[in-house]
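Chain by chain, the residues:
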Amino acid sequence: MHPFRSVWLHPKQTARFFIDQKSVLYAMVIVVLGFMASGLLGFQNTGMYPDIPYAWIVISVLIFAPILGVITYGISVGISFFIGKLLGGTGTFSDVGKGLSAGYIPFVVAGPIYLLWLVISPESFFVQEVTDVMAILGAIVSIVTSIWAVVITIGALAEAHRYSTERAFLTVIIPTILLFAALIAIIFFIIAVFTAANL
């Protein structure tokens, strides 16, 4: 099985291949490469160019994306492992980690496209108001990779925890809802503190 091809048509089988056949080191390499690509896209529409040379932005992504990627990935694996266990999952921490790494393949595939966009048309990459062929292509690639990464993640959790796709969906959505609720609570708390201070 070639995971970079199979993940688009057979996400669950690809995740199972990662769990059964690939090492944790292999999974970490995929995650780091995926975070480099998504980290590069994080600078889109920031207006930094031409004030900051895009070469510096690429270098900063190469340095900081692996660190942030590993930390974020570790947290997401921990949460997915814990929530999955609460929902009756049987996967090990290693199974969940290796399975979830398959969800980063779309970003790895999209990375060269983002880099090409950055080099060919930095104006449309950094400035939202500028639209050209690369901006349209980049937007389509971003949407497709993001949606498919979620599909792969759900399939990977179903395989890792050996339970239904519905439970895997809940494993993804429950932390998302809790995080959103926490952010809303923090925002209301900050507003309440500022309001009380101005009275």
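Look up a bit, the structure's there.
Each value, and the rule that gives it
- Residues numbered from 1 in each chain as written.
- Predicted model: local features only at pLDDT ≥ 70, side-chain atom pairs only at ≥ 80, totals over all residues.
- Heavy atoms only, no water.
- Helix = DSSP H or I, 4+ residues; strand = E, 2+ residues; numbered from the N terminus.
- Buried < 20%, exposed > 50% of the residue type's maximum accessible area, 1.4 Å probe, protein only.
- Core = buried A, V, L, I, M, F, W, Y, C linked by side-chain atoms within 4.5 Å.
- Contact = heavy atoms within 4.5 Å.
- Patch = residues over 30% accessible without salt bridge, like charges linked within 9 Å, V, L, I, M, F, W, Y side chains within 5 Å.
- Areas by Shrake-Rupley, 256 points an atom, 1.4 Å probe, with all protein chains shown as cover.
- Salt bridge = Lys/Arg side-chain N within 4 Å of Asp/Glu carboxyl O.
- Phe/Tyr/Trp six-rings, centres within 6.5 Å; stacked < 30°, edge-to-face > 60°.
- Lys NZ or Arg CZ within 6 Å of the ring centre and 35° of its normal.
- Axes fitted to C-alpha atoms, helices over the stretch in contact; angles between N-to-C directions.
- Parallel < 35°, antiparallel > 145°, perpendicular 65-115°, else oblique.
- Left-handed = near helix turned anticlockwise from the far one by under 90°.
- Nonpolar A, V, L, I, M, F, W, Y, C, P; charged D, E, K, R; others polar.

By secondary structure assignment, the location of His10 is in the loop between helix H1 (3-9) and helix H2 (11-21). Given the relative accessible area of 39%, His10 is considered partly exposed. Between the C-alpha atoms of His10 and Ala192, which are 182 residues apart in sequence, the distance is 49 Å.

Right, let's talk about the nonpolar core for a bit. Counting 23 residues, the largest nonpolar core has Phe18, Ile30, Tyr73, Val96, Leu100, Tyr104 and Ala168 as the members making the most contacts within it. Elements with a minimum of two residues in this core: H2, helix H3 (24-41), helix H4 (54-86), helix H5 (93-101), helix H6 (105-120) and helix H8 (133-161). A total of 5 residues in this core trace back to one element, the largest contributor, which is H8. Once residues lying within four places of it in the same chain are set aside, the contact partners of Tyr73 are Ala27, Met28, Val31, Gly97, Lys98, Leu100, Ser101 and Tyr104. Listed in part, the 17 residues of the second largest apolar core include Leu41, Phe107, Ala110 and Ala135.

Looking now at a nonpolar patch on the surface. A surface patch of nonpolar side chains, about 1100 Å² in accessible area, is lined by Ile52, Trp56, Ile59, Leu62, Ile63, Phe64, Ile67, Leu68, Ile71, Ile75 and Ile79. The topology assignment puts Ile71 in helix H4.

On to the packing of aromatic side chains, then. A full pass over the atoms with the stated rule returns 5 aromatic pairs. With a centroid separation of 6.1 Å and 80° between ring planes, the pair formed by Tyr73 and Tyr104 is classed as edge-to-face. A residue pair is termed long-range when its members are at least 10 positions apart, and Tyr73 in helix H4 and Tyr104 in the loop between H5 and H6 qualify at 31 residues. Owing to a relative accessible area of 6%, Tyr73 belongs among the buried residues under this scheme. Among the residues examined, Tyr104 registers a relative accessible area of 16% and is labelled buried. Through a chain of ring-to-ring contacts, the aromatic side chains of Phe35, Tyr73 and Tyr104 assemble into a single cluster. Positioned above the aromatic ring of Tyr26, the side-chain terminus of Lys22 is 4.4 Å from the ring centre.

In this section: the pattern of salt bridges. In this structure the tally under the stated criterion is 2 salt bridges. Across the pair Arg16 and Asp20 runs a salt bridge whose closest N-O atoms are separated by 3.1 Å. A residue pair is termed a helical-turn pair when its members lie 3 or 4 positions apart in one helix, as Arg16 and Asp20 do in helix H2 at 4 residues. Its relative accessible area of 47% is what places Asp20 among the partly exposed residues. The salt bridge partner of Glu159 is Arg16, with a shortest N-O separation of 3.0 Å. In this pair, Glu159 sits in helix H8 while Arg16 sits in helix H2, placing the two residues 143 residues apart along the sequence.

What follows deals with the environment of Ile79. If you trace the backbone, Ile79 turns up in helix H4. Looking at Ile79, the relative accessible area reads 37%, which means it is partly exposed. Ile79 sits 93 residues away from Val172 along the chain, and the two C-alpha atoms are 9.2 Å apart.

Now for the packing of H2 against H8. Between two packed helices, both the angle of their axes relative to each other and the distance between the axes serve to describe the pair. Taken N-terminus to C-terminus, the directions of H2 and H8 make an angle of 55°; their axes are 8 Å apart at the nearest point. Between H2 and H8, the angle falls in the class oblique. Like other packed secondary-structure pairs, H2 and H8 cross with a definite hand, here right-handed. Residue-level inspection shows Pro11, Lys12, Ala15, Arg16 and Ile19 of H2 in contact with H8, the latter providing Trp148, Val151, Ile152, Gly155, Ala156, Ala158, Glu159 and Ala160. When grouped by side-chain class, the residues that make up the contact of H2 with H8 number 9 nonpolar, 1 polar and 3 charged.

The analysis is restricted to geometry; functional conclusions fall outside its scope.
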